[in-house]
Amino acid sequence: MKIQPANRRLGILLSGRGSNFEAIANQIASGKLRADIAVVISNVETAAGLERARTRGLETVYLPSKQRQREDFDREVVEILKKHDVSLVVLAGFMRILSRVFLEAFPFGILNIHPALLPSFPGTDAQQKTLDYGVKFSGCTVHFVDDTLDGGPIIAQAVVPVLDSDDAETLSLRILREEHRIYSEAIDLVLSGRCEIEGRRVRIRD
Ligand code: GAR
């Protein structure tokens, strides 16, 4: 199945620092990634990423998620995204599981980045789990979001070594540099209509 978003308008969802969002915004500003950030949404009022987006003059929305039914919250997010004519949703450190309401509104239209080589170490604290397990290489993964935790079809991955001297912070930083590089590349691939999904495999056409 060929994936072809209807336009190049991105909706960014974040819950924290927002360095991946900023890397994407920088790639767009420099002309390397042809896309528009239509809206930045956060469920955390104090998220640094939200402030970074405001500073850039982007449209931002804070939508509290605490004590709300997952479907109700997701329905409202979808409404905001549709209102802004978003065709590709980019999760950039958005720490929430998406309900069917959300997934069905954007079939193969939601991307996530995870700081490990999936399917290893899904969920939270991936870098600490990586160190605890003792693997010698780790990295990051950009994937389509489906109804499994960090489990959708993989678009791009990058590998970094795990050093004996690493703690979670140094490893996270090394991985983050790669995250900032591959997320924009993966977005560009999806927007270009070159991705084809066959089962779990995402093939990139020339
Ligand atoms: C990134 O390392 C991202 O891979 C991770 O959260 C961080 C957000 O950083 N996401 C997950 O762990 C999702 N399972 P940022 O706010 O600076 O982009």
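Structural data are supplied above this passage.
Residues numbered from 1 in each chain as written. Predicted model: local features only at pLDDT ≥ 70, side-chain atom pairs only at ≥ 80, totals over all residues. Heavy atoms only, no water.

Undergrad: Now, about the nonpolar core: what can you tell me, with residues and values included?
TA: Counting 40 residues, the largest nonpolar core has Leu10, Ile155 and Ile187 as its most contacted members. In this structure, Ile187 is in contact with Leu10, Ile24, Leu33, Leu88, Val90 and Leu111, ignoring residues within four places of it in sequence. Of all hydrophobic cores here, the second largest spans 22 residues; its members include Leu63, Ile80, Leu103 and Ile110. (Core = buried A, V, L, I, M, F, W, Y, C linked by side-chain atoms within 4.5 Å. Buried < 20%, exposed > 50% of the residue type's maximum accessible area, 1.4 Å probe, protein only. Contact = heavy atoms within 4.5 Å.)

Undergrad: An account of the environment of Leu88 is needed here, citing residue identities and associated values.
TA: Residue placement: Leu88 occurs in strand S4 (residues 88-91). Note: C-alpha distance between Leu88 and Thr148 (60 residues apart in sequence) is 19 Å. For Leu88, the residues in contact, after removing those within four places along its chain, are Arg9, Leu10, Gly11, Gly109, Ile110, Leu111, Ile187, Val190 and Leu191. (Helix = DSSP H or I, 4+ residues; strand = E, 2+ residues; numbered from the N terminus.)

Undergrad: Report on the site of the ligand, specifying residues and quantitative values.
TA: Contacts to the ligand come from Arg17, Gly18, Ser19, Asn20, Gly93, Met95, Ile113, His114, Pro115, Asp150, Leu176 and Glu179. One of the backbone nitrogen or oxygen atoms of Gly18 is found 2.7 Å away from an oxygen atom of the ligand. A distance of 3.1 Å separates a nitrogen atom of the ligand from a polar side-chain atom of His114. Alone, the ligand offers 450 Å² of accessible surface; in the complex the protein occludes 89% of this. (Near = heavy atom within 4 Å. Polar contact = N/O pair within 3.5 Å; in protein donor to acceptor, adjacent residues only side chain to side chain. Areas by Shrake-Rupley, 256 points an atom, 1.4 Å probe, with all protein chains shown as cover.)

Undergrad: Can you break down the side chain of Thr130 residue by residue, with the values?
TA: As for its position among the elements, Thr130 is in helix H5 (residues 126-133). Exposure remark for Thr130: the relative accessible area of 0% places this residue in the buried category. Apart from residues lying up to four places away in sequence, Thr130 is in contact with Phe121, Val135, Ser138, Val162 and Leu171.

Undergrad: Can you explain the sheet that holds S4? Please cite residues and give values.
TA: Spatially, the 7 strands line up as an open sheet ordered S3-S2-S1-S4-S5-S6-S7, and their pairing is mixed. Edge strands, defined here as strands with exactly one partner in the open sheet, are strand S3 (60-62) and strand S7 (154-161). In this sheet, neighbouring strand axes are inclined to one another by 20° on average, regardless of whether the strands run parallel or antiparallel. Sheet topology note: the strand S6 (residues 137-144)/S7 ladder contains 7 bridges and is antiparallel. Pairing of Val142 across the sheet is with Ala156, part of S7. (Pairing = 2+ DSSP bridges. Axes fitted to C-alpha atoms, helices over the stretch in contact; angles between N-to-C directions.)

Undergrad: Kindly report on the pairing of S4, identifying the contributing residues and their values.
TA: Covered by surrounding structure in S4 are Leu88 and Val90 together with Val89 and Leu91, the residues of both alternating faces. Relative to strand S5 (residues 110-114), S4 runs parallel, the two being bridged by 3 bridges. Bridged to Leu91 within S5 is Asn112. With respect to chirality, the unit in which S4 leads through helix H4 (residues 100-105) into the neighbouring parallel S5 is right-handed. (Right-handed = clockwise from strand over helix to strand, strands pointing away.)

Undergrad: Got a sec to walk through helix H1 (residues 19-29)? Specific residues and values, please.
TA: Because each turn of an α-helix spans 3.6 residues, side chains separated by three or four positions in sequence point in the same direction. The element H1 is extensively covered by neighbouring structure, given that 8 of its 11 residues are classed as buried. By the burial criterion, the buried members of H1 are Ser19, Asn20, Phe21, Glu22, Ala23, Ile24, Ala25 and Ile28. Elements that come into contact with the buried residues of H1 comprise strand S1 (9-14), strand S2 (36-42), helix H2 (48-55), S4, S5 and helix H6 (168-191). Just downstream of H1 lies Gly31, where phi reads positive at about 85°.

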